Amino acid sequence: MTVGLSTARAAALCRGMYGNVSPKRGNRLYYKGKGGLKPGRHTKHGRYVLDPKRKKELVVPELEGFTLKPYVSRELPRPTKFKMRKPQFGQSV
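These lines cover the structure that appears in this document, whether it is placed above or below. (Residues numbered from 1 in each chain as written. Predicted model: local features only at pLDDT ≥ 70, side-chain atom pairs only at ≥ 80, totals over all residues. Heavy atoms only, no water.)

Quick look at the overall build of the protein chain
Summing up its helical and strand segments, the protein chain has 1 helix and 2 strands in all. Helices (α) and strands (β) of the protein chain occur, in sequence order from the N terminus, as α-β-β. A burial count over the protein chain gives 1% of its 93 residues as buried. Total accessible area computed for the protein chain in this model is approximately 11000 Å², and 59% of it derives from carbon and sulfur atoms. (Helix = DSSP H or I, 4+ residues; strand = E, 2+ residues; numbered from the N terminus. Buried < 20%, exposed > 50% of the residue type's maximum accessible area, 1.4 Å probe, protein only. Areas by Shrake-Rupley, 256 points an atom, 1.4 Å probe, with all protein chains shown as cover.)

Thoughts on the pattern of salt bridges
Counting across every chain of the model gives 1 salt bridge. With a closest N to O distance of 3.9 Å, Asp-51 and Arg-54 form a salt bridge. The class of Arg-54 is partly exposed, set by a relative accessible area of 46%. (Salt bridge = Lys/Arg side-chain N within 4 Å of Asp/Glu carboxyl O.)

Some words on a nonpolar patch on the surface
Nonpolar side chains collect at one region of the surface, where Leu-63, Phe-66 and Leu-68 lie side by side and expose about 370 Å² of accessible area between them. You can see Leu-68 is positioned in the segment after β2 (48-50). By relative accessible area, Leu-68 is classed as exposed at 64%. (Patch = residues over 30% accessible without salt bridge, like charges linked within 9 Å, V, L, I, M, F, W, Y side chains within 5 Å.)

Structure below.
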């Protein structure tokens, strides 16, 4: 057996032993991500080219004539302060 072959077998055994790399198995700086799409690609010259087809597009509806109001109004009365008291044994709260 050659040295290279035994090293390759050892590496294969280690890969099989650990399985997929996850943030639980990595160090504290390992971040796997959520599988988001990249907006471009790397070139062989070390630059990054943005692809206009991959650019995110936000679709915002027209809000003219929109009759609904915000859920929380600024005109709500302020809550009044009240004195907290300790419930007595045998009384309902």
